[in-house]
Each structure stands twice: as C-alpha cells, then as structure tokens.
Amino acid sequence: MAKTRKQPRPKAETPKGFRDYFGAEVTQRAEMLNVIAAVYHRYGFDALESSAVETVEALGKFLPDVDRPNEGVFAWQEEDAAWLALRYDLTAPLARVYAQHRNDLPIPYRRYAMGPVWRNEKPGPGRFRQFYQCDADTVGSASMAADAEICAMLSDTLEAVGIARGDYVIRINNRKVLNGVMEVAGVLDPSDPEKFAHERGIVLRAIDKLDRLGPEGVRALLGKGREDESGDFTKGAGLGEDQVEVVLSFVLGKERIAEQLASIAEPAGKLNADWEAKYRSISETIEVGDRKSLSVDNQEFTNRLTCTYLRSIVDNSVVGAEGVAELEQIADLLAAQGYGPDRIVIDPSVVRGLGYYTGPVYEAELTFEIFDDKGRKRQFGSVAGGGRYDDLVKRFTGQAVPATGVSIGVDRLLAALREKGRITAQEIGPVVVTVMDRDRMADYQAMVAELRNAGVRAEVYLGNPKNFGNQLKYADRRNSPVAIIEGGDEKARGVVQIKDLILGAQIAQNATLEEWKERPSQFEVARGDLVAKVREILVAHDLGQA
RNA sequence: GCCGCCUUAGCUCAGUUGGUUAGAGCGCCUGAUUGUGGAUCAGGAGGUCCCUGGUUCGAGCCCAGGAGGUGGUACCA
C-alpha cells in the first residue's frame, strides 16, 4: 500500500487580535445591546443595519497618491479591480447610507446601529481587531440641542446598563474652542488654514495624552520633545514658551479653576469681575474637588464657570468664541433637563480622534478604580465617544450636511462591568436530569420536557451514563443549580430525588464527610411534584420566577 | 515602527559555575465509592525545555540569528 503522505494538521488557534466568545460573554453582550438599543429607541432613533462591507472609496480610506487602501482597514481587491473593505466604524457607513437614500429619509434622520467593526491594527490588552460598537447619530441638524440630547442619552444609557451615577463622567469640549486656542497660540492662521497643520497635529495628540503623561509630559511635547523611560524620543511641536503656556492654560482649565476656587486670596487676574463675584459666593459653600457636595445650583455653575474661563482665553478668536457659545448652549440645555456636572462636565482636555470632528466632542469615562490580576491599579479609558462632524456627508453629495453622534464601545463597557463585579462571566447551567437506567431514557426525556414547558432550562445527561458520579461532575462543571435522580428504586415508589447543588456546595464548605454524606441538600418528592420543587429551589436561589 | 523584558507539563512557575533519568503547585485521569458533584486519601498520564545554527566530551543553562509573547512608546480614519 502506498504511503499516504500525512497532511500537516492545521493549528487550532484564533488569529491574533481576534477571539472566541463563550456562553455568558455572548448572551451578556446581546443583553447589553438590547438595553442600549432600547434607550436609543426611546429617544426617537430608528434602527439601521447597513452592510458590513463597504467600498474603500466610500470609507474614504484610499491612501493619498497611492491606489491602495490605508493600512488599518481589512481590504481586498475584487476581480474588477475595485477595492472592498470591512467597515472600521459605523459612522462612515452612515454617511454613505444617508447620501444614498437621502431622498427617502426624513430630515433630520436619526438612526442607531450596532454590530462588529474591524480594524487591522496592532492588538493590545483589551484591544482587539474586531469589536462591537453601538452608535446613535442625528444627521441633518445643526442645532446644539442635537448635541445636548446625545450627551443626555449617553448618560441615561450608561446608567441603564448598570454604571451607577458618580461612576462615570461625560466630558465635553469643542473643536472650535481648540482651534481658537491654536489661533491665540499662533499655530493657526485663519487666512491660511494649511499653515502649521503639522504642528497642530502634534499639539492635539499631546493634549490627548494629558491623562497618561501629566502636565509636564504635555509641556515637553508642546515644546522641544519628550524622552520616555525606554529612551525613545518623541519630537515636539517646537512651540515657544508663551505659546506652550497658552495651550496649557487651556488644557488644564479644569484644574486651574479648581485651584482658583480653593484660594480665594489669589483671584485670577484675567477673569472678569462678574465671574469673581460669583465664584466668591460659591467658594464659601463648597469643598473643591468634591463635585458631589455641590448643590444643584452650584453644579450648574461649574460649567458656566468653565465657559467664562475659556472665553477669557480665546477672546480674540472668532471661532473660539463661537465654540464657547456652543458649549454654553449645550450646558444650559443639559442643565434645564437636570444633567449637571456630576454627570456631564465641560472639560478642555478632551480632544478625541482628531479626524472629522468639527464642533462639540464628547467622551464618556468610567471613574471607578479597578485592579488587575497583579493588584495594580488600572484606569478604564473612555468607553464611549462622539461629536459633531459637519463635513462627512459632503464627501458624497457636495452639500454640507450637519451631523452629530455617539459611539459606545460595547466590549470595553462589558469588560468594565465584569471587573467591577457588576456581572459575572460565570453562567448558570441547566437543570440536569441524570440517567440511572439507560433503557428508561423516555422517562427522563418526559421529565425534561415538563421542566422546559414550565420555562425551566433543563437537559438530560447525554454522555456515557455508566459512571453515575461523572453525571454529577458534569452538572457541577456546567454550574447547574439542580440535578434530578430517578433510579429503579424511586421509579417503583413513584418519587424522584432532587439535588440542590448550590446548597450542597454551601454545606460542603464546612461540613464533615459524614454530614455531607447525609445529603442534606437532597430532597425526595413525589414524581408529580417534580416541577414545583425544582422551581421552589430556583426561586430560593434567586434564579427563577415563581 | 522603535526600545526593554520574557518563552520549561493543560495553567502558574522553579531549575545551582554547563553535568546522569528536567521538577513543584494547581488542573486532568483512575481507584477507595459499578446509586451521588465540590472535601479527604492512594495511584497515574502528561515535555520538540519556542525554532535554527554555533561553542563544548556534555547545553534547559553560554553565543548568534529568527519566531512568538509581553510591557513602554509611536501611529490609529
């Protein structure tokens, strides 16, 4: 016989950056998507499910001067030479859908969308190449009310999925204010927008890193550059000291205001008298840094204060002043609905993705502390973000269409809730009906059918029934709450044994072998009472409805 | 992309100046118990020491290159 060449076995592995999701991970995500969608829907947004594949052209991801798409997208070339790609977010597809169907869609068009997106990037801890997003956007409204509404909705959504008020904060900034600051700092010339574009990029990225690098790190990046611990040098924006100071006074606005509140003896020279009078009155009644202790009136005041402060910086810039006015509008609209700075706060250090945003930008951050396996403190970054992008649809239609929206990173949010202990990845298994007599399988199937009809998750043990112990081990591994036993004995007497596995585990914690062998967690009931007893146990463990 | 660290059993990790047959804990399997999971006890299986080459009488250990992982940094529509 000819030797058949052994084919090398394929290695069973998930490609790097991807992962498999099991049991509770899948159901919990689906549940979370439902909760989020329900809030979006309640706010008047319509569902939209668009194609997962887009033309690279529609995504706008062709590299400049090259006929190849941007790395970072999963793309491939069709035989007719067209490039297709997996979507990398849900916003670009929305712009395409809106442009394509605009004659049939209401204006404004409000839609929500959810699903996986793909990015061909270096994966990191908690960063995958496929992940779920859940977006809501309003296309065709330039009103700040649209932006304020998105922020309010984001707040509601986070609380709906189980993030307690005070465990998160939504921070708002405005790209126009940022541009105003750039103008004042001399890195943006309104008459020549292209000039200093490179420097502005560095400045924006530097601001984005305030969290990680601190004020001094940002200062270095704004100036000559910064060397990190590994000796790697990052070139800075090369700003002069005065310029750096302007940007920093902006970015650190939140802290500066707090400082000023703390020391009434050192009022800020730049701020006007009106402001001083107000802050004098509130600084006597609040603990600085403890936002929760502010009364509602004063909370509202915090955002006003920030606006006043920002205006003092960008006073000489037209777009800057416009941006501040927009922020004020949003803050007022939110305050009128009762969303104060304990939930939504104006924070000049928010920059966000830099790309297509043209006005207000928002970011939701979780504020509770979590610890990793090694006990180190870790911070959860942002779990949601968004903003106004008034130019995205224009790429298709040539007409400016204002739009604003938000995107929630569902997987990160889930991970956060798990780490917080709000939900456990452990899934409760089904009730397991054990098989004592192989030829009475029909009896066992009948039991399981009764349980299922009563709405109880249940299954018959389908493995090799020879070793009875293994059946209970199986139930244990499945994290089953209850096991059912009906041997010849019980059958003859018309009863069944019902084993409360959760109670059993609890008893075993500190029971002797003898006590355990007594089987205090096992109950004998009449065959007819099977379903009732099982439900009773489930209810006792808070696992089912009565 | 750049810099550092790491790679030994399913998992977490020991492993002496380079020396015979490479270890532990946990997990897994079997039995004590063919009708009782998680406890206890006894036993057992499980290894390309990341790969390739080099030095050496001899390499898990030393050297070179490569791969993979990880941390930092950069980029991220």
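Residues numbered from 1 in each chain as written. Chains lettered and ligands numbered in written order. Predicted model: local features only at pLDDT ≥ 70, side-chain atom pairs only at ≥ 80, totals over all residues. Heavy atoms only, no water.

Enquirer: When you look at the environment of Y168 in this model, what are you seeing that I'm missing?
Expert: Counting through the fold element by element, Y168 comes out in strand β7 (residues 168-174). On the accessibility criterion, Y168 (1% relative accessible area) is buried. Along the backbone, Y168 and S382 are 214 residues apart, and their C-alpha atoms lie at a distance of 9.6 Å. Not counting chain neighbours up to four residues away, the residues in contact with Y168 comprise S155, L158, E159, I163, D342, R343, E365, L366 and T367. Here the side chain of Y168 touches S155 through a polar contact of 2.6 Å, side chain to side chain. (Helix = DSSP H or I, 4+ residues; strand = E, 2+ residues; numbered from the N terminus. Buried < 20%, exposed > 50% of the residue type's maximum accessible area, 1.4 Å probe, protein only. Contact = heavy atoms within 4.5 Å. Polar contact = N/O pair within 3.5 Å; in protein donor to acceptor, adjacent residues only side chain to side chain.)

Enquirer: In this structure, what is going on with the protein's contact with RNA strand B? I would like to understand it.
Expert: Lining the immediate environment of RNA strand B, one finds 44 residues, of which K16, E490, G504, A505 and W516 sit closest. K16 has a polar side-chain atom sitting 2.8 Å from a phosphate oxygen of RNA strand B. Within the side chain of K209, one N or O atom sits 2.8 Å away from a phosphate oxygen of RNA strand B. Residue assignment for the surface near RNA strand B shows that the elements contributing at least two residues are α16 (468-477), α17 (488-493), α18 (501-508) and α19 (513-517). Considering only residue class, the surface near RNA strand B consists of 13 nonpolar, 12 polar and 19 charged. (Near = heavy atom within 4 Å. Nonpolar A, V, L, I, M, F, W, Y, C, P; charged D, E, K, R; others polar.)

Enquirer: Please explain helix α15 (residues 441-453) as it appears in this structure.
Expert: One turn of the α-helix equals 3.6 residues, which is why residues spaced by three or four share an orientation. Taking 1.5 Å as the rise per residue, α15 with 13 residues should run 18 Å; its terminal C-alpha atoms sit 18 Å apart, in good agreement. Y444, M447, V448 and L451 are the residues of α15 that are buried. Across the axial projection of α15, the buried residues extend over an arc of 90 degrees, all falling on one side. Exposed residues pointing more than 90 degrees away from the buried face of α15 are listed as A442 and N453. Where α15 is buried, its residues touch β16 (431-433), β17 (458-460), β18 (482-485), β19 (495-500) and α20 (530-540). (Expected span 1.5 Å × (residues − 1). Arc of directions from axis to C-beta.)

Enquirer: Even after reading the chapter, I still don't get the packing of aromatic side chains, so can you show me in this structure?
Expert: Each pair of aromatic rings is reported with the distance of its centres and the angle of its planes. Counted by the stated rule, this structure contains six aromatic pairs. Ring geometry for Y356 and Y389: centres 5.6 Å apart, planes at 65 degrees, overall edge-to-face. Of this pair, Y356 sits in the loop between β10 (344-346) and β11 (360-366) while Y389 sits in the loop between β14 (382-388) and α13 (394-397), placing them 33 residues apart in sequence. For Y389, a relative accessible area of 3% corresponds to the buried category. Both rings, one in Y461 and one in Y474, keep their centres 5.3 Å apart while their planes meet at 70 degrees; by these two values the pair is edge-to-face. Of the two residues, Y461 is situated in the loop between β17 and α16 and Y474 in helix α16; the sequence distance between them amounts to 13 residues. (Phe/Tyr/Trp six-rings, centres within 6.5 Å; stacked < 30°, edge-to-face > 60°.)

Enquirer: Help me understand helix α4 (residues 144-160), please; the structure alone is not making it clear to me.
Expert: Over its 17 residues, α4 runs 24 Å from end to end, which matches the ideal 24 Å to within 8%, given 1.5 Å per residue. Counted residue by residue, α4 has 13 buried out of 17 residues, so it is predominantly covered. Put simply, S143 is the residue that caps the front of α4, since its side-chain oxygen is 2.9 Å from the backbone nitrogen of A145. Immediately downstream of α4, the backbone of G162 shows phi near 110 degrees, a positive value.

Enquirer: Looking at this model, I keep getting lost on the packing of α15 against α20. Mind explaining?
Expert: Each packed pair of helices is defined by two parameters, the angle between the axes and the distance between the axes. Relative orientation of the contacting elements α15 and α20 amounts to 55 degrees, with a least axis distance of 10 Å. The orientation of α15 with respect to α20, classified from their angle, is oblique. Along this stretch, α15 crosses α20, giving a crossing that reads as right-handed. Facing M447, E450 and L451 of α15, the residues of α20 in contact are L530, V531 and V534. Grouping the constituent residues of the contact of α15 with α20 by class yields five nonpolar, no polar and one charged. (Axes fitted to C-alpha atoms, helices over the stretch in contact; angles between N-to-C directions. Parallel < 35°, antiparallel > 145°, perpendicular 65-115°, else oblique. Left-handed = near helix turned anticlockwise from the far one by under 90°.)

Enquirer: Honestly, the pairing of β19 in this entry has me stumped. Any pointers?
Expert: Moving residue by residue along a regular strand, the side chains alternate between the two faces of the sheet. In terms of burial, β19 is largely enclosed, as six of its six residues are buried. Both faces of β19 are covered, namely the face carrying V495, Q497 and K499 and the face carrying V496, I498 and D500. Pairing geometry for β19 and strand β20 (residues 522-526), over five bridges, is antiparallel. Paired with K499 across the bridge in β20 is Q522. (Pairing = 2+ DSSP bridges.)

Enquirer: Explain the sheet that holds β16 here, please?
Expert: Sheet strands associate in pairs through backbone hydrogen bonding, adopting either a parallel or an antiparallel arrangement. One open sheet accounts for five strands, arranged β17-β16-β18-β19-β20; its pairing is mixed. Edge strands, defined here as strands with exactly one partner in the open sheet, are β17 and β20. Each strand axis lies, on average, 25 degrees off the axis of its neighbour in the sheet, ignoring direction. In the sheet, β18 pairs with β19 via four bridges, with the strands oriented antiparallel. Within the sheet, the bridge partner assigned to A483 lies in β19 and is K499. Where α15 meets the sheet, it contacts β16, β17, β18 and β19, and its direction lies at approximately 175 degrees from that of β17.

Enquirer: Can you help me understand the sheet that holds β7 in this one?
Expert: Taken in spatial order, the eight strands of this open sheet run β1-β5-β6-β15-β14-β11-β7-β10, and their pairing is mixed. Two strands close off the open sheet at either side, each with one partner strand: β1 (46-47) and β10. α4 contacts β5 (109-118), β6 (130-139), β7, β10, β11, β14 and β15 (403-409) of the sheet and is inclined by roughly 15 degrees relative to β15. In the packing of helix α5 (residues 175-185) onto the sheet, contacts are made with β7 and β11, and the angle to β7 comes to roughly 55 degrees.

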